[in-house]
Amino acid sequence: MFIPLYDSNDLKHIKLQWVTWSLIAINLLVWAVTGLAGDDSDFTNAAFLGLGYIPSVVNDIAELPPSLVLVPEDATYITYSFLHGNLLHVGSNMLFLWVFGDNVEDAMGHIKFLIFYFLCAAAGAFMHGLLLPDSNGPLIGASGAVAGVIAAYLMLHPRVRVWVLVMGRIPLPLPAYIPLLFWVGTQFVMVFTDLGGEVSWGAHIGGIIAGAVLVLVFRRSGVPLFDRTIKSPKAVIHETQPIIPDKATSQTPPQKWGR
């Protein structure tokens, strides 16, 4: 198990990752409101049922009471991602978004990153509903969207050093591909071994696939994949073949024009 803490990866195109910060702030604010009301309160249950993604409702197998219909069904592909069940749930998702979101936002730009985030959330809900089409339980949590961010970071910066807690207690700097590939692989294993559990592994996989595909088209022009450094042919020639002044030419005095 790896818990990310910090990455040594400076921003190159933006000054502040304000979309990442805003998403974290909104998620924490929504959790604080529902959390203060209590996990079993009528307010929290209504929020989870009215804003969470419920496959059976979206697939017209079941129907919510009118009093619980807070947004159109299609909107729950996004709204579910702002709800969390407890502090550990929201804290783990926001930690991953904090560590990896800024560089993905930097690679895409603010607006594209926000659209990317929502599309990954929607892909997570779609995959969850595809695997459990008649489920009556509401899907909540930002993990589908964050899974997309993780996949995009892995495609962009696999060799960047990331400080992680190994087994939750040993701090180590590792290339990003080690903990992130381990995390991605775990999601695909768990979807086959724990499909009916409390964690929606399908939502994670939907986000991963969406993030890996969308980063190819959402990244800025010229932003390389896999930490590749691009050099122009001219730069390579100058590095390998330095220009040596011609001695005869350098000794010839400059010609004067005019009187």
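Reading guide: rules and limits
- Residues numbered from 1 in each chain as written.
- Predicted model: local features only at pLDDT ≥ 70, side-chain atom pairs only at ≥ 80, totals over all residues.
- Heavy atoms only, no water.
- Helix = DSSP H or I, 4+ residues; strand = E, 2+ residues; numbered from the N terminus.
- Contact = heavy atoms within 4.5 Å.
- Phe/Tyr/Trp six-rings, centres within 6.5 Å; stacked < 30°, edge-to-face > 60°.
- Buried < 20%, exposed > 50% of the residue type's maximum accessible area, 1.4 Å probe, protein only.
- Patch = residues over 30% accessible without salt bridge, like charges linked within 9 Å, V, L, I, M, F, W, Y side chains within 5 Å.
- Areas by Shrake-Rupley, 256 points an atom, 1.4 Å probe, with all protein chains shown as cover.
- Salt bridge = Lys/Arg side-chain N within 4 Å of Asp/Glu carboxyl O.
- Lys, Arg positive; Asp, Glu negative; His and termini not counted.
- Charge placed at Lys NZ, Arg CZ, Asp CG, Glu CD.
- Pairing = 2+ DSSP bridges.
- Axes fitted to C-alpha atoms, helices over the stretch in contact; angles between N-to-C directions.
- Core = buried A, V, L, I, M, F, W, Y, C linked by side-chain atoms within 4.5 Å.
- Expected span 1.5 Å × (residues − 1).
- Parallel < 35°, antiparallel > 145°, perpendicular 65-115°, else oblique.
- Nonpolar A, V, L, I, M, F, W, Y, C, P; charged D, E, K, R; others polar.

**Thoughts on the overall build of the chain**
Okay, step 1: Helices and strands together make up the secondary structure of the chain, namely eleven helices and three strands.
Okay, step 2: Reading the chain from its N end, one meets helices and strands in the order β-α-α-α-α-α-α-α-β-β-α-α-α-α.
Okay, step 3: By sequence separation, contacts in the chain at least 24 residues apart represent 76% of the contacts at least 6 residues apart.

**Quick look at unusual backbone geometry**
Okay, step 1: For Asp-60, which is not glycine, the phi dihedral falls at a positive 60°.
Okay, step 2: Relative to the helices and strands, Asp-60 resides in the loop between helix H3 (55-58) and helix H4 (76-79).
Okay, step 3: At Phe-226, a residue that is not glycine, the phi angle is positive and equals roughly 60°.
Okay, step 4: Structurally, the position occupied by Phe-226 is in the loop between helix H9 (201-218) and helix H10 (233-240).

**Overview of the packing of aromatic side chains**
Okay, step 1: If you walk through the whole model with that rule in mind, you get eleven aromatic pairs.
Okay, step 2: Here Phe-2 and Phe-182 contribute two aromatic rings whose centre-to-centre distance is 5.3 Å and whose plane-to-plane angle is 80°, an arrangement assigned as edge-to-face. With a gap of 180 residues between them, Phe-2 in strand S1 (residues 2-7) and Phe-182 in helix H8 (residues 177-193) connect regions that are remote in the sequence.
Okay, step 3: On the basis of relative accessible area, Phe-182 is assigned to the partly exposed category, the value being 45%.
Okay, step 4: Between the aromatic rings of Phe-96 and Phe-100, the centroid separation amounts to 6.1 Å while the plane-to-plane angle is 45°, which identifies the pairing as tilted. Pair noted here: Phe-96 and Phe-100 are both in helix H5 (residues 87-108), with a separation of four residues, about one helical turn. The burial state of Phe-96 is the same as that of Phe-100; both residues are buried.
Okay, step 5: Members of the aromatic cluster, each reached through a chain of ring pairs, are Phe-82, Phe-113, Phe-116, Tyr-117, Phe-118 and Phe-218.

**Quick notes on a negative patch on the surface**
Okay, step 1: Residues Asp-60, Glu-63, Glu-73 and Asp-74 make up a contiguous surface patch of negative charge.
Okay, step 2: Within the secondary structure, Glu-73 sits in the loop between H3 and H4.

**A few points about the pairing of strand S2 (residues 161-166)**
The side chains of a regular strand alternate between both faces of the sheet.
Okay, step 1: Examined bridge by bridge, S1 and S2 share five bridges and lie antiparallel to one another. Residue pairing for S2: Tyr-6 is matched across the bridge by Trp-163.
Okay, step 2: Hairpin connection, S2 to strand S3 (residues 170-175): the antiparallel pair is bridged by three residues, and Met-167 has positive phi, about 55°.

**A closer look at the sheet that holds S2**
Okay, step 1: Pairing within the open sheet is antiparallel, and its three strands lie in the order S1-S2-S3. Of all the strands in the sheet, the pair left with one neighbour each is S1 and S3. Direction aside, the axes of adjacent strands within the sheet are offset by 35° on average.
Okay, step 2: Looking at chain direction, S2 and S3 are connected through six bridges and run antiparallel. Residue pairing for S3: Val-166 is matched across the bridge by Ile-170.
Okay, step 3: Packing of H8 onto the sheet brings it into contact with S1, S2 and S3, and relative to S3 it is tilted by some 95°.

**Thoughts on the nonpolar core**
Okay, step 1: Formed by 56 residues in total, the largest nonpolar core has its most connected members in Leu-97, Phe-100, Val-104, Phe-113, Phe-116, Val-149 and Tyr-153.
Okay, step 2: Mapped by element, the contributors of at least two residues to this core are helix H1 (18-37), H5, helix H6 (110-131), helix H7 (143-156), S2, H8 and H9.
Okay, step 3: Ignoring any residue separated from it by four or fewer positions in sequence, one finds Phe-116 in contact with Val-104, Met-108, Gly-148, Val-149, Ala-152, Gly-211, Leu-214, Val-215 and Phe-218.

**Section: a nonpolar patch on the surface**
Okay, step 1: Together, Leu-16, Trp-18, Trp-21, Trp-98, Ile-111, Ile-115 and Leu-119 give the surface a local cluster of nonpolar side chains, amounting to about 730 Å² of exposed area.
Okay, step 2: Counting residues per element, the nonpolar patch draws most heavily on H6, which supplies three residues.
Okay, step 3: Classification of Ile-111 by relative accessible area gives exposed; the value is 57%.

**What to know about H6**
Okay, step 1: With 22 residues, H6 should reach 32 Å at 1.5 Å per residue; the first-to-last C-alpha distance of 32 Å fits that figure.
Okay, step 2: Along H6, the positions that sit buried rather than exposed are Phe-113, Phe-116, Tyr-117, Cys-120, Ala-121, Ala-122, Ala-123, Gly-124, Ala-125, Met-127, His-128 and Gly-129.
Okay, step 3: Summarising the contacts, the buried residues of H6 are in contact with H1, H3, H4, H5, H7 and H9.

**A short note on the packing of H1 against H6**
Okay, step 1: Two numbers describe how H1 lies on H6: the axes approach to 9 Å, and their chain directions differ by 40°. As judged from the angle between their axes, H1 and H6 are oblique. Between H1, through Trp-18, Val-19, Thr-20, Leu-23 and Asn-27, and H6, the contact on the second element is made entirely by His-110, Phe-113, Leu-114 and Tyr-117.
Okay, step 2: Partitioning the contact of H1 with H6 into residue classes produces six nonpolar, three polar and no charged.

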